[in-house]
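Breakdown of the fold
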There are 2 protein chains.
Amino acid sequence: MTGLSHDRSITLSVDAMGGDQGPDAVARGVIRFLETDPTARVLLHGRREALEPHFKNSPLAERVEIHHADDVVTMTDKPSHVMRNGKATSMWAAVDALRDQRAEVCVSCGNTGALMAVSMIRLRKAEGVNRPAIACLWPSRNPQGFNVMLDVGADIRADGDDLLAYAMMGASYARNGLGLSRPRVGLLNVGTEEHKGRAELKAASELIAAAAERGDFDYVGFVEGGDIPSTRVDVIVTDGFTGNVALKTGEGTARLISDLLREAFMSSALSKVAALMTRGAMARLRTRIDPRQVNGGVFLGLGGLVVKSHGSADATGVAAALSLAAQLARSDFSKRLASRIAGVSALHHDAPKEIKA
Amino acid sequence: MTGLSHDRSITLSVDAMGGDQGPDAVARGVIRFLETDPTARVLLHGRREALEPHFKNSPLAERVEIHHADDVVTMTDKPSHVMRNGKATSMWAAVDALRDQRAEVCVSCGNTGALMAVSMIRLRKAEGVNRPAIACLWPSRNPQGFNVMLDVGADIRADGDDLLAYAMMGASYARNGLGLSRPRVGLLNVGTEEHKGRAELKAASELIAAAAERGDFDYVGFVEGGDIPSTRVDVIVTDGFTGNVALKTGEGTARLISDLLREAFMSSALSKVAALMTRGAMARLRTRIDPRQVNGGVFLGLGGLVVKSHGSADATGVAAALSLAAQLARSDFSKRLASRIAGVSALHHDAPKEIKA
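Residues numbered from 1 in each chain as written. Chains lettered and ligands numbered in written order. Predicted model: local features only at pLDDT ≥ 70, side-chain atom pairs only at ≥ 80, totals over all residues. Heavy atoms only, no water.

As recorded by an unreviewed UniProt entry, chain A carries the name Phosphate acyltransferase and is attributed to Limimaricola variabilis. The UniProt entry for chain A carries the following comment under Sequence similarities (unreviewed entry): "Belongs to the PlsX family." UniProt, in its Function (unreviewed entry) section for chain A, records the words "Catalyzes the reversible formation of acyl-phosphate (acyl-PO(4)) from acyl-[acyl-carrier-protein] (acyl-ACP). This enzyme utilizes acyl-ACP as fatty acyl donor, but not acyl-CoA." (UniProt positions renumbered as here; feature names shortened; annotations may be inferred.)

What chain A contains, in helices and strands, is 13 helices and 11 strands. A compact globule built from 357 residues would reach a C-alpha radius of gyration of about 21 Å, and chain A, at 21 Å, matches this within 12%. Seen through its principal axes, chain A has C-alpha atoms that stretch 70 × 60 × 40 Å. For chain A, the residues scored as buried account for 58% of the 357 residues in total. Within chain A, counting contacts between residues at least 6 apart in sequence, those at least 24 apart form 72% of the total. Accessible area of chain A: about 14,300 Å², with a carbon and sulfur share of 51%. Each charge class in chain A was averaged separately, 43 positive and 41 negative side chains, and the resulting centres sit 3 Å apart. (Helix = DSSP H or I, 4+ residues; strand = E, 2+ residues; numbered from the N terminus. Rg over C-alpha atoms; globule rule 2.2 N^0.38 Å. Buried < 20%, exposed > 50% of the residue type's maximum accessible area, 1.4 Å probe, protein only. Contact = heavy atoms within 4.5 Å. Areas by Shrake-Rupley, 256 points an atom, 1.4 Å probe, with all protein chains shown as cover. Lys, Arg positive; Asp, Glu negative; His and termini not counted. Charge placed at Lys NZ, Arg CZ, Asp CG, Glu CD.)

Residue and element names in this part refer to chain A. Evaluated as defined, the whole model comprises 32 salt bridges over all chains. One salt bridge connects E213 with R182, and the closest N-O pair in it is separated by 3.6 Å. Residue E213 is found in helix α7 (residues 199-215), and its partner R182 is found in the loop between α6 (160-178) and β7 (184-188); the two are separated by 31 residues along the sequence. The closest approach of N and O atoms between D216 and R182, which form a salt bridge, is 3.1 Å. (Salt bridge = Lys/Arg side-chain N within 4 Å of Asp/Glu carboxyl O.)

A separate point is the pairing of strand β4 (residues 105-108) of chain A. Consecutive residues of a regular strand have side chains that alternate between opposite faces of the sheet. Residue and element names in this part refer to chain A. Of the two faces of β4, the one carrying V105 and V107 and the one carrying C106 and S108 are both buried. Relative to β4, strand β1 (residues 11-15) runs parallel, the two sharing 4 bridges. Note that in β4 the partner of D15 across the bridge is S108. (Pairing = 2+ DSSP bridges.)

Moving on: the packing of aromatic side chains. By convention here, two paired aromatic rings are described through the distance between centres and the angle between planes. Inspection of every chain in the model, using the stated rule, returns 0 aromatic pairs over all chains. The ring of F241 of chain A is capped by R198 of chain B, whose NZ or CZ atom sits 4.1 Å from the centre of that ring. (Phe/Tyr/Trp six-rings, centres within 6.5 Å; stacked < 30°, edge-to-face > 60°. Lys NZ or Arg CZ within 6 Å of the ring centre and 35° of its normal.)

All names here are of chain A. When cut into domains, chain A gives domain 1 (1-129 + 301-331) and domain 2 (132-291). The gap between the C-alpha centroids of domain 1 and domain 2 is 25 Å. Between domain 1 and domain 2, a total of about 1,100 Å² is buried, with carbon and sulfur atoms accounting for 71% of that surface. Put simply, domain 1 and domain 2 have 0 salt bridges between them. (Domains from an automatic or database assignment. Buried area = accessible area lost by both parts, 1.4 Å probe.)

Position of R255 of chain A relative to the elements: it lies in helix α8 (residues 240-265). For R255 of chain A, a relative accessible area of 44% corresponds to the partly exposed category. As a C-alpha pair, R255 of chain A and V235 of chain A span 20 residues in sequence and 23 Å in three-dimensional space. Apart from the residues lying within four places of it in its own chain, the contact partners of R255 of chain A are R141 and G226 of chain B.

As paired elements, strand β7 (residues 184-188) of chain B and strand β8 (residues 218-223) of chain B share 5 bridges and run parallel to each other. Note that in β8 of chain B the partner of G186 of chain B across the bridge is G221 of chain B.

Attention now moves to the interface of chain B and chain A. The partner chain A presents 57 residues to the 55 residues of chain B that form the contact. Between chain B and chain A, roughly 4,800 Å² of surface is buried when both sides are summed, and carbon and sulfur atoms account for 71% of that area. When the buried surface of chain B facing chain A is broken down by residue, R198, F241 and M277 of chain B rank first, second and third, together holding 14% of it. Across the pair D239 of chain A and R198 of chain B runs a salt bridge whose closest N-O atoms are separated by 3.6 Å. At the junction of chain B and chain A, the tally comes to 8 residue pairs in polar contact (both at pLDDT 80 or more). A total of 20 residues in the side of chain B that touches chain A trace back to one element, the largest contributor, which is helix α8 (residues 240-265) of chain B. Its residues assigned to classes, the side of chain B that touches chain A comprises 27 nonpolar, 15 polar and 13 charged. (Polar contact = N/O pair within 3.5 Å; in protein donor to acceptor, adjacent residues only side chain to side chain. Nonpolar A, V, L, I, M, F, W, Y, C, P; charged D, E, K, R; others polar.)

Structural data, given as structure tokens:
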């Protein structure tokens, strides 16, 4: 993340329920976040009795408004069920505060599918967007430390127009979230040669190439799974099925290696001493690849800014998601994105063929 | 890998050309392999002048037969071009030695798409297989040290019947390659709940569940990207597009972490000393996750056994691919697989509906 600026007060609407670690982790995350962000305010939605004790006698209490909600969306609730029966849930209330412009951004650790469904019906899709997407940050070798990948799970399919919209949205996110003036965008495929991959990807590749100039990004063409953390690219575009598998595969690989590393350090008395000697450097390494530090999938293409924190996030993870949400809200990212998408969409679909030349 | 048995002499047909590191790396890999496998023989296909010097005055020379080939398949050749014009290439000759039963297994580091195309037209598909697949070994937490994933890039799509065949083939590979009597098979998806993912995956899931008993495996249902290296499963089934992205994403993540780890150890004088102190444990860790040690994508579902070594494999990688090929050839894996697939295929497609109940 680029340095945070706290000059503008903003309000975050936070769903405190539904994460794997319960409302306590969210409340502690809110406290940690507010301690580092002196001008932010939080509307906290959930069971009052679980939340209030955390802010009793705290100087932070004046920046937190607790809104009681009776119901909770669980991780196993189907999105369709929540859409019909979820009006009394903390998730619904958190999204509605954004809809009613009482907050500038909404954050939840709850059920991803349900959060997307509620966000779609309450906030509507942005003009020119058919399928909203979830974008994540991926540790990379680039100077900014992270690359952006989308969609990582909003929808299980995407056609050429959707992938074009993802390219525009991802580039805008990289500009506002990572401070890159002209992001490099790549389309995920099984090879970098033009003849590789599915036919629909070739069509999407041509659409994205044609939109690069107007979208203010560079299109680098097809990229492979190994390029996701590379310096070839800043934004990786793919459908939500492939992106979700890639994200979880990367996280799983990182976890496996961390575990093996810990075992290696514990394997002898000598290596235990070595572990102590490298503690600082290893802590920096862990921070660099820790999913909690880059926590927050951003929902793009909606009529409002929603950040999904990892379901298993602890207080550190929740605080990271809140910081990301605050930064994006302060950058007016949502409005800039909407105007750009609407512009390209008009160009692509509505312009008379003769004028294109 | 389980312990190798060298009791039966076998012959490997090896394409020495087309890898990123050239014929020298392959020749050195062959030497390394033959030194550890005292009964194996190798037919080596490629440019005689590049290969012969490696075996001059070597006691191994009597187990190596060099077959000169004028042409080479390059990494950028299109498979369709090689199918029409590739008869004089070392790759074609290597596959034909298997077809003519002069060898029991074929190994190449060359262009994957071309190798699959040549293998398909020269060896034909096995009975009951519509789409052959490439299976890889993935470092895992299981006692056997590796899980099997397929397809990792033979084809970019797969329907329900293909995924069923992959489950059968993957289970057979796990039995013969990893020594698991009853492998656990999972189908890769974006969530483990039944309602998640594409409709075609639900259909495939039912097909695989119904075939588990006859296929002698346990079906664990849907698995996610994070489960690939886990103890939940031994065999991960997916289409070749998703599998290829997952494989390369995992490799890329492992490379990134290795690089960051090296930087961490070089960051101070103290950490450099620590690196020396943990050298043994770190070397074991590296071996565990080094793609070269588990080198070899196995082509399943063809009328003969073909192993694809990584294009960038050095001598260590080539030797690992040759060892894997020799082990599978000695296990009569190819024949066992063919009879099992043909059996399930007959059950699934030809049995009268009434009998199924």
